[in-house]
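# Examining the three-dimensional arrangement
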Amino acid sequence: AKVDADRIKRRKFKVALDAVNGAGSVMTPEFLTASLGCRLDAIAIDPTKVFPRIAEPRPDTLGDLTALVRKTGADVGFAQDPDADRLAIADETGRVVDNDDVLALAVLRALSVVPGDVVVNLTTSAAIDDIARTFNRRVYRTPVGEANVVDTMRAVKAAIGGEGSAGGVIFPAVQLCRDSYIAMAFLLDLMAETGQTVSQLVASLPAYTRKSGKVPFTHGRLGGLMQALEEGFPEAAADRSDGLKLIWDDRWLHVRASNTEPLLRLAVEARDAEKATILYDSAWKLLTSV
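Presented here is an overview of the structure given in this document. (Residues numbered from 1 in each chain as written. Predicted model: local features only at pLDDT ≥ 70, side-chain atom pairs only at ≥ 80, totals over all residues. Heavy atoms only, no water.)

### Description of the sheet that holds strand 4 (residues 87–90)
Heads up, the condition is: Note on pairing: two strands pair once DSSP finds at least 2 bridges between them. A run of H or I in DSSP becomes a helix once it reaches four residues, and a run of E becomes a strand once it reaches two; helices and strands are each numbered from the N terminus. Under this scheme, a helix contributes an axis fitted over its contacting stretch, all axes are lines through C-alpha atoms, and angles between N-to-C directions fall in the 0 to 180 degree range. Should any heavy atoms of two residues lie within 4.5 Å, those residues are counted as being in contact.
Strand order across the open sheet formed by four strands is 2-1-3-4, with mixed pairing between neighbours. Whereas interior strands pair on both sides, the edge strands pair on one side only; in this sheet they are strand 2 (39–43) and strand 4. Adjacent strand axes in the sheet meet at a mean angle of 20°, parallel and antiparallel pairs treated alike. Pairing of strand 1 (residues 14–18) with strand 2, which is carried by five bridges, proceeds in the parallel orientation. By the bridge assignment for strand 2, Leu17 is matched with Ala42. Strands strand 1, strand 3 (76–80) and strand 4 of the sheet are contacted by helix 7 (residues 180–194), whose axis makes an angle of about 170° with strand 3.

### As for the packing of helix 4 (residues 99–111) against helix 7
For the record, the criterion: Roughly parallel here means an angle under 35 degrees, roughly antiparallel means over 145, roughly perpendicular means 65 to 115, and every remaining angle is called oblique. Here a crossing is taken to be left-handed if its near helix is turned anticlockwise relative to the far helix by less than a right angle, and right-handed if that turn runs clockwise. Basically, the charged four are Asp, Glu, Lys and Arg, the nonpolar ten are Ala, Val, Leu, Ile, Met, Phe, Trp, Tyr, Cys and Pro, and anything else, Gly included, counts as polar.
At their nearest, the axes of helix 4 and helix 7 sit 9 Å apart, and the two run at 70° to each other. By the angle between their directions, the pair helix 4 and helix 7 is classed as roughly perpendicular. Judged by the twist between their axes, the crossing of helix 4 over helix 7 is left-handed. Contact with helix 4, carried on its side by Leu105, Ala106, Leu108, Arg109 and Ala110, involves Phe186, Leu187, Asp189, Leu190 and Glu193 of helix 7 and no other residues of that element. In terms of residue class, the contact of helix 4 with helix 7 is made up of seven nonpolar, no polar and three charged.

### Brief notes about the side chain of Asp100
Its location among the elements puts Asp100 in helix 4. Ignoring anything within four residues of it in the chain, the contact list for Asp100 reads Thr123, Thr124, Ser125, Gly164, Ser165 and Arg210.

### Some remarks on the packing of aromatic side chains
One pair of aromatic rings is described through two measures. These are the centre distance and the angle between the planes. The cut-off we apply is this: In summary, the pairing rule links any two rings of Phe, Tyr or Trp, Trp by its six-membered ring, whose centres are within 6.5 Å, and it sorts them by plane angle into stacked for under 30 degrees, edge-to-face for over 60 and tilted for everything else. The cut-offs for exposure are 20% and 50% of the maximum accessible area for each residue type, with area from a 1.4 Å probe on protein chains only; residues under the lower value are buried, those over the upper are exposed, and the others partly exposed. Here, a charge over a ring is recorded when the distance from Lys NZ or Arg CZ to the ring centre is within 6 Å and its angle to the ring normal is within 35 degrees.
A full pass over the atoms with the stated rule returns four aromatic pairs. Taking 5.3 Å as the distance between ring centres and 90° as the angle between the ring planes, the aromatic pair formed by Phe31 and Tyr181 counts as edge-to-face. Taken together, the residues Phe31 in helix 2 (residues 24–35) and Tyr181 in helix 7 connect sequence positions 150 residues apart. By relative accessible area, which is 17% here, Phe31 ends up buried. The exposure class assigned to Tyr181 is buried, which follows from its relative accessible area of 12%. Here the aromatic rings of Phe233 and Trp248 are separated by 5.7 Å at their centres, their planes lie at 85°, and the arrangement is edge-to-face. Of this pair, Phe233 sits in the loop between helix 9 (222–232) and strand 10 (237–239) while Trp248 sits in the loop between strand 11 (244–247) and strand 12 (251–257), placing them 15 residues apart in sequence. Residue Trp248 is classed as buried on the basis of its relative accessible area, which comes to 12%. When the ring centre of Tyr280 is taken as reference, the NZ or CZ atom of Lys211 above it lies at 5.3 Å.

Here it is in structure tokens:
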């Protein structure tokens, strides 16, 4: 009810799919062809076989999909993880789209069809804020984790939410879980409505440069590291709700401890690529020298 399926069907999009022999192996081909009228070329759609690649649909694991997009001349490529809640997208050239941009496109589409605000985690791109602002909607930020996002979505009756870094779109009009199917439908609907290719839609989003990495730390040193980082950038606004996020008008950095390993996860975003690199390198040097 929230997408124009007839409009999508009229376009007869050519779609490449990698369902990783997972839970989407049967449902996804039917969804794309019967429900949305796409012409489909698919790989890894046999649920009786093992996963043919690393489960997480990352750019470095999707070589077979990008090759399929180029070979078949597909308009778009979709890749799911084994339980089909996460989605990666390849544009018409075979380039895998940044996960934050996947979520941004879904937010752009959702806010045009339903009322309500947006909920994302602290590490998700500021492009979401820019898009929400054009619809006069508010963005709520939560600690990293799907459950944290969903709890706040329920509390504020959000229109849409998700986590850019995890390739997860959560649309409560369907369900309060990450959902690759609504993400696919929203993208195809945007393509059908605008007549633009995936690469053109991505290029129309607010432009940011993002960098991320992992820094090892010794048990018991976390507090000192966070304090040193905050003292190293005294001019920034600080959010301590999940690790430490330092925020400027045109850039931010977020450092948080891994839940499973003695690692700090460092993420940086800026409107200017040079500023992103400088901020990332400065934070990395500070964290590794303390």
